[in-house]
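An overview of the molecular structure
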Amino acid sequence: MHNFATWLYATAPSVFIRSHEAWMIPTIQSVHIVAIATAVGSAFMMTMRVVGWLGADQTVLQAHKRYGPWLAGALWVLLLSGSLLVLAEPPREFDAISFWLKMTLVALVVILAVAFGRSVRRHDARWDLARPGVKWAALGTFVIWIAIIFLGRFIAYDTIWSHILPGAKA
């Protein structure tokens, strides 16, 4: 993976982003952060509805129709802006354990979001009578979002893993 990262670092798009990093990196990061806030806010509102702590005046399906498009849109923006951030510094990202843990959790949360959306559309009445296990799963999904945020920040400081995991790159 390191060889691929080194090759990617030398490509014209990567060089272009770095040569304009004074304005380009902060702009991409700002878009990425706003998309994170939108995704996490949408996930939070749907979680709170499933758990029954907020939004009791609407069904889970109504909450999903309200916040689901925001979550989906934010995920697409995150994919684009995140790809540009990776393109700017591929070795830093690809050599970081935090990056791979984050990407694993992102894949998991996207799968869960798609499965949730399909289930709510097919069985909306059942979701309004959510059992305790479903409520705990919803809260667990939100905890995954928080872990994604922390891991994203840890990428810049990935040397911490070298002290925890033997054989990790520093």
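Residues numbered from 1 in each chain as written. Predicted model: local features only at pLDDT ≥ 70, side-chain atom pairs only at ≥ 80, totals over all residues. Heavy atoms only, no water.

The next subject is the packing of aromatic side chains. Each aromatic ring pair is summarised here by two numbers: the centre-to-centre distance and the angle between the ring planes. Evaluated as defined, the whole model comprises seven aromatic pairs. Seen from their ring centres, F150 and F154 are 6.4 Å apart, and the 55° between their planes marks the pair as tilted. Here the residue F150 and the residue F154 both occupy positions in helix 8 (residues 132-154), the gap between them amounting to four residues, near one helical turn. For R18, the ring lying beneath its charged end belongs to Y9, and the centroid distance is 3.5 Å. (Phe/Tyr/Trp six-rings, centres within 6.5 Å; stacked < 30°, edge-to-face > 60°. Helix = DSSP H or I, 4+ residues; strand = E, 2+ residues; numbered from the N terminus. Lys NZ or Arg CZ within 6 Å of the ring centre and 35° of its normal.)

A word on the environment of L101. Among the secondary structure elements, L101 is positioned in helix 6 (residues 97-122). Judged by its relative accessible area of 36%, L101 is partly exposed. Sequence separation between L101 and A147 is 46 residues, and the spatial gap between their C-alpha atoms is 9.4 Å. (Buried < 20%, exposed > 50% of the residue type's maximum accessible area, 1.4 Å probe, protein only.)

Within the element layout of this structure, T11 appears in the loop between helix 1 (2-9) and helix 2 (12-19). Among the residues examined, T11 registers a relative accessible area of 14% and is labelled buried. Polar contacts involving the side chain of T11 include one to the main-chain carbonyl oxygen of L8, which spans 2.7 Å. (Polar contact = N/O pair within 3.5 Å; in protein donor to acceptor, adjacent residues only side chain to side chain.)

In this fold, G41 is placed in helix 3 (residues 21-51). Spatially, the C-alpha atom of G41 lies 17 Å from that of A56, the residues being 15 residues apart in sequence.

This next bit is on the packing of helix 2 against helix 3. One way to put it is that helix 2 packs onto helix 3 with a least axis distance of 6 Å and a crossing angle of 100°. Taken together, the axes of helix 2 and helix 3 lie roughly perpendicular to each other. From helix 2, F16, I17, R18 and S19 reach across to helix 3, where they touch E21, M24, I25 and I28. Considered class by class, the residues forming the contact of helix 2 with helix 3 number five nonpolar, one polar and two charged. (Axes fitted to C-alpha atoms, helices over the stretch in contact; angles between N-to-C directions. Parallel < 35°, antiparallel > 145°, perpendicular 65-115°, else oblique. Contact = heavy atoms within 4.5 Å. Nonpolar A, V, L, I, M, F, W, Y, C, P; charged D, E, K, R; others polar.)

Where helix 2 meets helix 4 (residues 60-88), the closest approach of the two axes is 8 Å, and the angle between their N-to-C directions is 90°. Taken together, the axis directions place helix 2 and helix 4 in an arrangement best described as roughly perpendicular. Here P13, S14, I17 and R18 of helix 2 lie close against helix 4, whose contacting residues are L84, L87 and A88. Counted by class, the contact of helix 2 with helix 4 contains five nonpolar, one polar and one charged residues.

It is worth spelling out the nonpolar core at this point. In terms of nonpolar packing, the biggest core is built from 24 residues, with F116 and W145 touching the most fellow members. Where this core is concerned, the elements lending two or more residues are helix 3, helix 4, helix 6 and helix 8. By residue number, the principal contributor to this core is helix 4, which donates eight residues. If you look at the next biggest cluster of nonpolar residues, it comprises 14 residues, including A5, M24, A96 and I155. (Core = buried A, V, L, I, M, F, W, Y, C linked by side-chain atoms within 4.5 Å.)

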